[in-house]
Amino acid sequence: MKLLTGLLAAVLLIAGMGASRAVVRIADDRGGRIGTYVDRYQDLRQSGETVIIDGLCASACTIVLGAIPRDRICVTSNATLGFHAAWDFGTNGRAITNAEATQMLYAMYPSQVRRWIAQRGGLTPHMLFLRGRQLQAMYKPCYLDAQASTSKPLRRPLPPAERLESARGQLVH
């Protein structure tokens, strides 16, 4: 009897471990360098963690849509995605649209997100916001709001030196 009870407890423990996967919450992420986000999301994809978008995910943050399988992404009623063209710093320090990087970014998105962007004129320097019913029609809603508020946020601040270094030639947003 003790053996059967122990075996049952072990099975339940193992089953519970699979159900308690880690969750990563994205909120108030305004983006950054494309390469940084590609690397971050490759690691996240391999981790098997679920992504909860629970606030702003803009610019390079939206790469998550192409990097993480759709069945591992959910959105809360607070979720907002912001899309725009990729850019570099020009010789005078002003932002200049990078057509090649913009096309690469656009190609990363799932087809229904690309259609939504195309219906609004494509990726331009002006931000397009996807939220509410339109977003929830594309991604499953999160029913884990309590878990989302206690999980680790994805946004990791850059060290001050990286923020200040010259971005010339580096893709941003």
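Please refer to the structure higher up on the page.
Note that this is a predicted model, so its numbers are computed, not measured.

Rules behind the numbers
Residues numbered from 1 in each chain as written. Predicted model: local features only at pLDDT ≥ 70, side-chain atom pairs only at ≥ 80, totals over all residues. Heavy atoms only, no water. Disulfide = S-S within 2.5 Å. Buried < 20%, exposed > 50% of the residue type's maximum accessible area, 1.4 Å probe, protein only. Helix = DSSP H or I, 4+ residues; strand = E, 2+ residues; numbered from the N terminus. Salt bridge = Lys/Arg side-chain N within 4 Å of Asp/Glu carboxyl O.

Engineer: Account for the state of the cysteines, with residues named and values stated.
Structural biologist: Applying the stated rule across the entire model yields two disulfides. Shown here is the disulfide that connects Cys 57 with Cys 61, its sulfur atoms set 2.1 Å apart. On the sign convention where negative is left-handed, the bridge of Cys 57 and Cys 61, at about -110° about the S-S bond, is left-handed. Take Cys 57 and Cys 61: they sit in the same class, and that class is buried. Linked covalently through their sulfurs, Cys 74 and Cys 142 form a disulfide whose S-S length is 2.0 Å. One quick way to see it: the torsion about the S-S bond of Cys 74 and Cys 142 is about 105°, and its sign makes the bridge right-handed. One end of the pair, Cys 74, is in strand 4 (residues 73-75); the other, Cys 142, is in the loop between strand 9 (140-141) and helix 7 (145-150), and 68 residues separate them in sequence. Judged by relative accessible area, which is 3%, Cys 74 ranks as buried. Sequence-ordered numbering of the bonded cysteines in the protein gives a pairing of 1-2, 3-4.

Engineer: Help me get a handle on the pattern of salt bridges, residues and values and all.
Structural biologist: Across all of its chains, the model carries two salt bridges by this definition. With a closest N to O distance of 3.0 Å, Asp 54 and Arg 25 form a salt bridge. Taken together, the positions of Asp 54 in the loop between strand 2 (50-53) and strand 3 (56-58) and Arg 25 in strand 1 (residues 23-26) put the pair 29 residues apart, joining distant regions of the chain. Here Asp 54 falls in the buried class, since its relative accessible area comes to 15%. The salt bridge partner of Arg 30 is Asp 28, with a shortest N-O separation of 3.7 Å.

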